[in-house]
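# Observations on the model geometry
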2 protein chains.
Amino acid sequence: MAKNDEDYSVKIRVLSRDELAMGPGKADLLDQIIKTGSIAAAGRAMNMSYKRAWDLVETMNNCFKTPVVEKSKGGAAKGGAVVTPFGKEILDQYRSIQKKAHSAIKNDVDDFQKFLKHQSNSKKY
Amino acid sequence: MAKNDEDYSVKIRVLSRDELAMGPGKADLLDQIIKTGSIAAAGRAMNMSYKRAWDLVETMNNCFKTPVVEKSKGGAAKGGAVVTPFGKEILDQYRSIQKKAHSAIKNDVDDFQKFLKHQSNSKKY
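Computed from a prediction, not measured in an experiment: that's the story for all the values here.

The subject of this paragraph is the packing of aromatic side chains. According to the stated counting rule, one finds 10 aromatic pairs over all chains in the structure shown. With 5.8 Å between their ring centres and 85° between their planes, A:Phe64 and B:Phe112 make a pair best called edge-to-face. Of this pair, A:Phe64 sits in the loop between α3 (50-63) and β3 (69-71) while B:Phe112 sits in helix α5 (residues 106-113), on two different chains. Residue classification places A:Phe64 among the buried positions, given a relative accessible area of 0%. The class of B:Phe112 is buried, set by a relative accessible area of 0%. Taking 5.5 Å as the distance between ring centres and 85° as the angle between the ring planes, the aromatic pair formed by A:Phe86 and B:Phe115 counts as edge-to-face. With A:Phe86 in helix α4 (residues 85-104) and B:Phe115 in the segment after α5, this residue pair bridges two chains. On the basis of relative accessible area, A:Phe86 is assigned to the buried category, the value being 17%. Members of the aromatic cluster, connected to one another through ring pairs, are A:Phe64, A:Phe86, B:Phe112 and B:Phe115.

A rotation about an axis combined with a shift along that same axis relates the two copies of the chain. It takes a turn of 180° to lay chain A on chain B, together with a shift of 0.0 Å along the axis; the resulting RMSD is 0.0 Å. Given the turn and translation reported, the copies of this chain are related as if by a two-fold rotation axis. Take the interface residues of chain A: 100% of them recur as interface residues in chain B, which is what a same-surface contact looks like.

At the interface, 44 residues of chain A touch 44 residues of chain B. It is A:Arg17, A:Phe112 and A:Phe115 in chain A that bury the most area against chain B; as a group they hold 18% of the surface buried on that side. Taken together, the connections running from chain A to chain B amount to 2 salt bridges. Among the salt bridges present, the one from B:Lys100 reaches A:Asp108, with a minimum N-O distance of 2.8 Å. Taken together, chain A and chain B are joined by 19 residue pairs in polar contact (both at pLDDT 80 or more). The residue makeup of the side of chain A that touches chain B, split by class, is 20 nonpolar, 11 polar and 13 charged. As defined by bridge partners, strand β1 (residues 8-16) of chain A adjoins strand β1 (residues 8-16) of chain B across 7 bridges and the pair is classed as antiparallel. Across the sheet, A:Ile12 pairs through a bridge with B:Val10, a residue of β1(B).

What counts, and at which threshold
Residues numbered from 1 in each chain as written. Chains lettered and ligands numbered in written order. Predicted model: local features only at pLDDT ≥ 70, side-chain atom pairs only at ≥ 80, totals over all residues. Heavy atoms only, no water. Phe/Tyr/Trp six-rings, centres within 6.5 Å; stacked < 30°, edge-to-face > 60°. Helix = DSSP H or I, 4+ residues; strand = E, 2+ residues; numbered from the N terminus. Buried < 20%, exposed > 50% of the residue type's maximum accessible area, 1.4 Å probe, protein only. Least-squares fit on C-alpha atoms with pLDDT ≥ 70 in both. Contact = heavy atoms within 4.5 Å. Buried area = accessible area lost by both parts, 1.4 Å probe. Salt bridge = Lys/Arg side-chain N within 4 Å of Asp/Glu carboxyl O. Polar contact = N/O pair within 3.5 Å; in protein donor to acceptor, adjacent residues only side chain to side chain. Nonpolar A, V, L, I, M, F, W, Y, C, P; charged D, E, K, R; others polar. Pairing = 2+ DSSP bridges.

Okay, here's the thing in structure tokens:
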């Protein structure tokens, strides 16, 4: 995952009963599955074991009403996996919730940062 | 730390250069120092070693313009630690930023949760 080069970060976790249905790691994993077409490759890109990546996918598929990731059915992507249209929809919604939370507190965090000796690197640019 | 019994959580981290100046763990530690008057006791309450608790305090003291925690000067609290008025101020501001981010996305998270098979326990009450 990219090094966080922002002044502040906001991590949102959405729970379903006691399970983490969606969070930053699962969202990044979906992005990687879209990019690579494979759960194994997505896991590798995130320095995650195949088992771990698969567990995260299974949790999402169990938590949501409709599967988020499905095995791709033959063709060029044989043996791979695809994020379903439903999965893309919830990923988009999650990303938009992240952005909204981030924007909502921007001015307050700016004020908060005045108490810091130094602001983070990104302020320099 | 208390079990999270909400439907969603928002974790905010404020950075200073490459250091984490304030986040959920540091804020909870400040709460515990206020409560117990001691870094050691605050760490114990959070299942954290004394060294770890002290490191978090030192990071905060280094990141902010003014100390956030100081050793208390004798009297009944001898050997203890106090959160300074400045420390209480930044803790209050951090808590209010947390609440603002949480509220800002509430409706969107409600919509998002409609995609879940089950909503979390707290929805039952």
